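Listed below, chain by chain, are the residues.
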Amino acid sequence: MDNDLLHFLVPTEEKLRILTLESSHYLPELHRLMPRAELYAVTAEADEPEEPAYAGLGTAWTILDFRRQRLPYAAEFFDYILADRYLEALVEPEGITAGLGHFVKQTGSLLTSFLNIRYSGILEELRQGHFSAFCTHPLAKPEVVRILGVSMYKEILFAPGHQDMADAVIEGWEAAGFDNYQNDLATELWLVKASRSTAESAALKALYSPDVR
């Protein structure tokens, strides 16, 4: 089974503001799903905006390395920020996620993903003395909840991105004492939706201004 960050989104005619952070490949589909949305993209590759796939989308591009430079946007500017697998490469992810939360509306969400260190394929590599995954910050779901929970996010949802392991393999790891809550051992990639407010609070905030609330 394979999903991506668009799993969390539904088609809408709302005038949303959406940022892709080193995740520009989502832009064409975002434009199709949300044709009235304002699209923004951050990339460190200066020639990426010229790629034919992004022509005619009206995207506002910013060229910078978000790991070293602050994003040039106003507070609470975006309804969604899409950032595939960016937590893994950060030395201090808590600081960056809190920083991104600064740019997300009270009714908005950060959508991200991460390679699951508890995936049985990775566990098998470790058992054989290897770890080929290229990342500096191995993550599991409890670590991600802690990182996001101490930042600005009030509700955190997970969905499987890629699951491909046979039941017999998983049963072997379970027999060895490994917990498999929510089929974690079979999930190579987890998708994450981290929201600034709970769903109930976000609904109220969408209806009433801060002064009224």
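Before reading on, note that the structure itself is shown above.
Everything quoted here is computed from the prediction, not taken from an experiment. (Residues numbered from 1 in each chain as written. Predicted model: local features only at pLDDT ≥ 70, side-chain atom pairs only at ≥ 80, totals over all residues. Heavy atoms only, no water.)

*Asks:* Explain unusual backbone geometry here, please?
*Replies:* For residues that are not glycine, phi is negative in most cases, and the peptide bond is trans in most cases. With a phi close to 55 degrees, Arg 85 is a non-glycine residue in the positive phi region. Positive phi outside glycine occurs at Asn 183, with the angle close to 60 degrees. With respect to the helices and strands, Asn 183 occurs in the loop between α5 (167-175) and β7 (187-195). Judged by relative accessible area, Asn 183 falls into the partly exposed class, the value being 31%. (Helix = DSSP H or I, 4+ residues; strand = E, 2+ residues; numbered from the N terminus. Buried < 20%, exposed > 50% of the residue type's maximum accessible area, 1.4 Å probe, protein only.)

*Asks:* Help me out: how do you make sense of the sheet that holds strand β6 (residues 155-163) in this one?
*Replies:* What holds strands together in a sheet is hydrogen bonding between their backbones, with the strands either parallel or antiparallel. The strand order across the open sheet formed by seven strands is β3-β2-β1-β4-β5-β7-β6, and the pairing between neighbours is mixed. Only two strands of the sheet have a single partner each, and these edge strands are β3 (60-63) and β6. Pairwise comparison of adjacent strand axes, ignoring direction, gives a mean angle of 15 degrees for this sheet. Pairing between β6 and β7: eight bridges, direction antiparallel. (Pairing = 2+ DSSP bridges. Axes fitted to C-alpha atoms, helices over the stretch in contact; angles between N-to-C directions.)

*Asks:* Even after reading the chapter, I still don't get the pairing of strand β2 (residues 38-43), so can you show me in this structure?
*Replies:* For β2, the buried fraction is high: five of the six residues fall into the buried class. Direction of pairing for strand β1 (residues 17-21) relative to β2: parallel, over a ladder of five bridges. If you follow Arg 17 over to β2, its bridge partner there is Glu 38. Chirality of the crossover, the property in question, places the unit of β1, helix α1 (residues 27-33) and β2 among those that are right-handed. Note that β2 and β3 share four bridges and pair parallel. (Right-handed = clockwise from strand over helix to strand, strands pointing away.)

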